[in-house]
Amino acid sequence: MCQKATGGLFGPYVGAPFDAVIWTRGQPSYFQSSNKVRRGFCGACGTPLTFEYGEGHISFALGAMDDPRSVKLSEQLASPERIADFEALAGLPEHSTDEPRAAAHLASIISFQHPDYDTSDWPLDRK
C-alpha cells in the first residue's frame, strides 16, 4: 500500500505524536486508503504527506519534510514485499546533479511545489 500511495519503491515515513503536530499552512486533504488508514496529501499539488492509523498515530512522508536527512531511520516494515532488485540500487552507476547535462536540465525547472521553508505568501509570486 505504501508503494502505491507514494508511487515509489517504498514509503519512508517518520512518526510523531498526533497532538504535537501543528500545520503551518492550511490543512491536508485526505484519502481513506483502507478501513484502518487515512493518508494526508497536499490538495493543491498532490504531494503525499501523512499516514494516519488508529487514535493518535501519525507518520509523515519523509521525502516531503524540509530536512529529510535529519531523520535517523530505525526500522523497516513489510521488507519481504520490497520491489525485486531493490538491494541492487546501491551497486548501480550514480550520476551527480552537478554533471553538466543534469545541471542544465535542473536549472530550467520552475517548481510549483511549496519550497522547503515557510513563506509569508503562497503560492509564491512567480514573476
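Preceding this section is the structure that the text describes.
The model shown is predicted, which means the values in this text are computed figures rather than measured ones. (Residues numbered from 1 in each chain as written. Predicted model: local features only at pLDDT ≥ 70, side-chain atom pairs only at ≥ 80, totals over all residues. Heavy atoms only, no water.)

**Side note on the packing of aromatic side chains**
The condition is simple: Any two rings among Phe, Tyr and Trp, with Trp reduced to its six-membered ring, count as a pair given centres within 6.5 Å; such a pair is stacked if its planes are under 30 degrees apart, edge-to-face if over 60, and tilted if neither. Whether a charge sits over a ring depends on NZ of Lys or CZ of Arg being within 6 Å of the ring centre and within 35 degrees of the ring normal.
Scanning all chains against the criterion turns up 3 aromatic pairs. Look at Phe51 and Tyr53: their rings are 5.3 Å apart centre to centre, the planes differ by 55°, and that puts the pair in the tilted class. An aromatic cluster of three or more residues is present, and its members are Tyr13, Phe51 and Tyr53. Geometry around Tyr30 places Arg38 over its ring, the cationic atom sitting 3.5 Å from the centre.

**Side note on the state of the cysteines**
To keep it simple, the criterion reads: Note on terminology: pairs of cysteine sulfur atoms within 2.5 Å are recorded as disulfides. Each residue gets one of three labels from its accessible area relative to the maximum for its type: buried under 20%, exposed over 50%, partly exposed in between, using a 1.4 Å probe on protein chains only.
By the definition in use, this model includes 0 disulfides. Here Cys42 stays unpaired: no disulfide links it, and the sulfur of Cys45, its closest cysteine neighbor, is 3.6 Å away. Overall, Cys42 belongs to the partly exposed group, its relative accessible area being 24%. Note on Cys45: relative accessible area 38%, which makes it partly exposed.

**As for the pattern of salt bridges**
Counted only if it meets this: A pair is scored as a salt bridge if a Lys or Arg side-chain nitrogen falls within 4 Å of a carboxyl oxygen belonging to Asp or Glu. Secondary structure elements are taken from DSSP: a helix is a run of H or I of four residues or more, a strand is a run of E of two residues or more, and numbering for both begins at the N terminus.
Throughout the structure, instances matching the rule amount to 1 salt bridge. In this structure, Arg38 engages Glu52 in a salt bridge whose closest nitrogen and oxygen atoms are separated by 3.0 Å. Of the two residues, Arg38 sits in strand S3 (residues 37-41) while Glu52 sits in strand S4 (residues 48-53), which places them 14 residues apart along the sequence. A residue is classified by how much of its surface remains accessible, and Arg38, at 29% relative accessible area, is partly exposed.

Keep in mind these values describe shape, not function.
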